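# Geometric and topological summary
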Amino acid sequence: MSLSTEICAPLAVLGHDVQVPLASGEKVGYAALDYAASAPALQRVWDDVAAYAPYYGSVHRGAGYLSQLSTDLFEQSRRTVADFLDLRDGDQVVFTRATTDSLNLLASAVPAGTRVFAFETEHHASLLPWAHAGLEVDYLRAPRSRAEAVAALDAALAAAPEGPKLLCVTGASNVTGELWPVAELTATAHRHGARVVLDAAQLAPHHRVSVRELGVDWIAFSGHKLYAPFGAGVLAGRSDWLDAAEPYLAGGGATRTVAREADGSVAVQWHTGPARHEAGSPNVIGAYAIASACRALTEAGFDALEARERLLVERLTAGLAEIPQVKVLSLFGPDSARVGVLSFVVQGWNSSHFSAALSAEYGIGVRDGLFCAHPLVRTLLGDEEVAPSECGAPEPSLPGERSLNAIRVSFGAGTPDEHVERFLTAVRELVTDGAAWNYRNEGGRCVPTVEVDRSRREG
Ligand SMILES: Cc1ncc(COP(=O)(O)O)c(C=O)c1O
């Protein structure tokens, strides 16, 4: 193996030594296996933010030394993100709150009359902003292979009326972890004159992403999934639509001049460039934290990070394949490449119950529910037995009852092998022996009540 693909040790993250109580009262080290929701902060990010914190000052508006320094760091963070994403000349980086905010910003900037194309498999953040902004949307059916995805887009675009078009597509599914053929979809879209925005919320933390090579027009991701949980995100890409659009928010920082007119009105000249859509005091710590994470991941090397993650994914999928009651959810088939995100259901178990037992009996944190991708999970599960609540567990159902929700396990650069091994052991034991505790639904959460009396059960 060449040096560049040598497998690295897990990167240092906060919380790796946190002890959590089990239902039994014992304490164990927490196994954070919910990176797809929010990844732990990289130690490096935390240290960088702590080192900067005393120098924190207002951005773009202060004459003092710390304001100047903070402004420089904020703008430098923009350049670091541009390098991390391998942007083209003329592309811009807008700091937002997260991916949801980035995609809503873009939806507000899309020229009127644009037709948007999105697969029904998208996360709600990439599925919903377009219609919400009053745009026409073609929702494409869930494809069952990458080639089918490209063919479906090709056909939909060929049949679409003349006019501006936009495809929104995810790089890696937040449900199955499967990689989407972004470069092929982009080439197809461009051939039909459509633009592309890439939802890289689940891709950027796991893979090197080059906007230049993929050819996408915009990209969005969240700091809190990229080991930088300080409330910032990114929308980056082409300037033309963004500069021509009304500012996302009206307020200070987005304006060049504001003047009272003789007729009593107020005339505004808005900035072009990132400032146009960043009204209000920017989140300098959030932006700085994202830049720090970009540097840390680049220095660790995506070849090494990906090689390590691939081994963990292989171990996980092989381990789960040995448990016949486990059904892994997949759109593109069992051998499709995925990042460290995988959802599954367990025969005879309610997923909320199973996830609660992983936490209460093994100290493992996963997520259960429909993962803000309801149409996709419904398609993958194939029926609708229990009404789900928004983004979470289904309405109360009894342990053992089948439910319309799944369990998601996800990991990344900070995950030690032991967490994946403990997870596999826990799944195997729960499936074989059942939960060691009884559970009841309290306010939508499944909580342990009393320990199962195994002697009575066996007798
Ligand atoms: C693929 C995908 N897109 C968008 C989002 C929304 O990200 P955020 O909640 O950070 O805005 C998520 C969050 O889980 C996601 O997984």
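Reading the values: rules and limits
Residues numbered from 1 in each chain as written. Predicted model: local features only at pLDDT ≥ 70, side-chain atom pairs only at ≥ 80, totals over all residues. Heavy atoms only, no water. Phe/Tyr/Trp six-rings, centres within 6.5 Å; stacked < 30°, edge-to-face > 60°. Helix = DSSP H or I, 4+ residues; strand = E, 2+ residues; numbered from the N terminus. pLDDT = per-residue confidence, 0-100. Contact = heavy atoms within 4.5 Å. Pairing = 2+ DSSP bridges. Axes fitted to C-alpha atoms, helices over the stretch in contact; angles between N-to-C directions. 1 Å grid on protein atoms, 1.4 Å probe; cavity = no way out; pocket = protein on both sides within 12 Å on 5 of 7 lines; lining within 4 Å. Points joined across faces, edges and corners; volume = space filled by probe spheres on them. Near = heavy atom within 4 Å. Polar contact = N/O pair within 3.5 Å; in protein donor to acceptor, adjacent residues only side chain to side chain. Areas by Shrake-Rupley, 256 points an atom, 1.4 Å probe, with all protein chains shown as cover. Nonpolar A, V, L, I, M, F, W, Y, C, P; charged D, E, K, R; others polar. Buried < 20%, exposed > 50% of the residue type's maximum accessible area, 1.4 Å probe, protein only. Parallel < 35°, antiparallel > 145°, perpendicular 65-115°, else oblique. Left-handed = near helix turned anticlockwise from the far one by under 90°. Patch = residues over 30% accessible without salt bridge, like charges linked within 9 Å, V, L, I, M, F, W, Y side chains within 5 Å. Salt bridge = Lys/Arg side-chain N within 4 Å of Asp/Glu carboxyl O.

### A few points about the packing of aromatic side chains
This structure, assessed with the given rule, holds 13 aromatic pairs. Taken together, a centroid distance of 6.4 Å and an interplanar angle of 90 degrees make the contact between Phe-344 and Phe-354 edge-to-face. Of this pair, Phe-344 sits in strand E14 (residues 341–346) while Phe-354 sits in helix H12 (residues 351–362), and the two are 10 residues apart along the sequence. Through a chain of ring-to-ring contacts, the aromatic side chains of Phe-344, Trp-349, Phe-354 and Phe-423 assemble into a single cluster.

### Observations concerning the confidence of the model for the protein chain
Averaged over every residue, the pLDDT of the protein chain is 93; residues scoring 70 or more account for 93%. Note that residues 386–397 has pLDDT below 50 and, in this model, 35 contacts with residues that lie over four places away or in other chains.

### Quick notes on the sheet that holds strand E4 (residues 92–96)
Strands sit in the order E4-E10-E9-E8-E7-E5-E6 across an open sheet of 7 strands; the sheet is mixed. At either margin of the open sheet sits one strand with a lone partner, and together these are E4 and strand E6 (136–140). Here the strands of the sheet are splayed against their neighbours by 20 degrees on average, with no regard to which way each runs. Alignment of strand E5 (residues 115–119) against E6, held across 5 bridges, turns out to be parallel. By the bridge assignment, Val-116 is partnered in E6 with Val-137. Docked against the sheet, helix H7 (residues 182–191) engages E5, strand E7 (165–170) and strand E8 (194–199), running at close to 155 degrees with respect to E8.

### A word on empty space enclosed by the protein
Take a probe with the size of a water molecule and roll it over the atoms, and the empty space left behind shows itself. Considering all chains together, one arrives at 2 cavities of 30 Å³ or more under this definition. Its volume calculated, the largest cavity comes out at about 60 Å³. In this structure, the largest cavity is lined by Cys-8, Ala-9, Pro-205, His-206, Leu-305, Arg-308, Glu-309, Gly-412 and Ala-413. Put simply, the second largest cavity is a space of about 40 Å³. Lining of the second largest cavity is provided by Tyr-35, Ala-36, Ala-39, Gln-202, Pro-205, His-206, Lys-225 and Tyr-227.

### Some details on the site of the ligand
If you check the shell around the ligand, you find 13 residues, and the closest are Thr-100, Asp-199, Ser-222, His-224 and Lys-225. The separation between an oxygen atom of the ligand and a polar main-chain atom of Thr-99 is 3.4 Å. The separation between an oxygen atom of the ligand and a polar side-chain atom of Thr-100 is 2.5 Å. Bound to the protein, the ligand loses 88% of the 390 Å² it would expose on its own. Across the shell around the ligand, the residue classes break down as 3 nonpolar, 8 polar and 2 charged.

### Here's the deal with unusual backbone geometry
Of note, Asp-86 is a non-glycine position whose phi angle comes to about 55 degrees, a positive value. Despite not being glycine, Phe-371 shows a phi value in the positive range, around 60 degrees. Looking at where Phe-371 falls in the secondary structure, it is placed in the loop between strand E16 (367–369) and helix H13 (374–381). Judged by relative accessible area, which is 0%, Phe-371 ranks as buried.

### Side note on the packing of helix H2 (residues 65–85) against helix H10 (residues 284–300)
Viewed as axis vectors pointing N to C, H2 and H10 meet at an angle of 40 degrees, and their least axial separation amounts to 8 Å. For the element pair H2 / H10, the angle class is oblique. Taken as a pair, H2 and H10 cross one another with a handedness that is left-handed. For the pair H2 and H10, contact is made by Ser-70, Leu-73, Phe-74, Ser-77, Thr-80, Val-81 and Phe-84 and by Val-284, Ala-287, Tyr-288, Ile-290, Ala-291, Cys-294, Arg-295, Leu-297 and Thr-298, respectively.

### Some words on the environment of Pro-247
Tracing the chain through its elements places Pro-247 in the loop between helix H9 (240–244) and strand E11 (255–260). By relative accessible area, which is 13% here, Pro-247 ends up buried. Here the alpha-carbon distance between Pro-247 and Ser-108, two residues 139 residues apart in the chain, equals 8.7 Å.

### A few points about the pairing of strand E9 (residues 218–222)
Of all 5 residues that make up E9, 5 are buried, and the element is covered over most of its length. Two elements, E8 and E9, share 3 bridges in a ladder whose sense is parallel. Residue Leu-198 lies in a different strand from E9, and its bridge partner there is Ile-219. Both E9 and strand E10 (residues 233–237) contribute to a ladder of 5 bridges, which runs antiparallel. The partner of Phe-221 across the bridge, within E10, is Val-234.

### A short note on a nonpolar patch on the surface
Side chains of Tyr-55, Tyr-65 and Leu-66 sit close together on the surface and give an oily, nonpolar patch of about 350 Å² of accessible area. Tracing the backbone shows Tyr-65 in helix H2.

### Here we look at the side chain of Arg-308
Mapping Arg-308 onto the fold places it in helix H11 (residues 302–321). For Arg-308, a relative accessible area of 7% translates into the label buried.

### Looking at the pattern of salt bridges
Summed over the entire model, instances satisfying the criterion amount to 20 salt bridges. Measuring nitrogen to oxygen at the nearest pair gives 3.7 Å for the salt bridge that ties Asp-101 to Arg-97. Classification of Arg-97 by relative accessible area gives exposed; the value is 61%. Taking the shortest distance from any N to any O, the salt bridge between Arg-191 and Asp-154 comes out at 3.8 Å. Placement of Arg-191 in helix H7 and of Asp-154 in helix H6 (residues 146–159) is noted, with a sequence separation of 37 residues between them. Taking the relative accessible area as the measure of exposure, Asp-154 reaches 27% and is therefore partly exposed. Bridged by salt links that share partners, the residues Arg-44, Asp-48, Arg-295 and Glu-299 form one connected network.

### Focus: the sheet that holds E14
Whether parallel or antiparallel, the strands of a sheet pair through hydrogen bonds between backbone atoms. Pairing is antiparallel in the open sheet, where 4 strands are placed in the order E13-E14-E17-E16. Lying at the two open borders of the sheet, with one neighbouring strand each, are strand E13 (326–328) and E16. The average undirected angle you get between the axes of adjacent strands in this sheet is 35 degrees.

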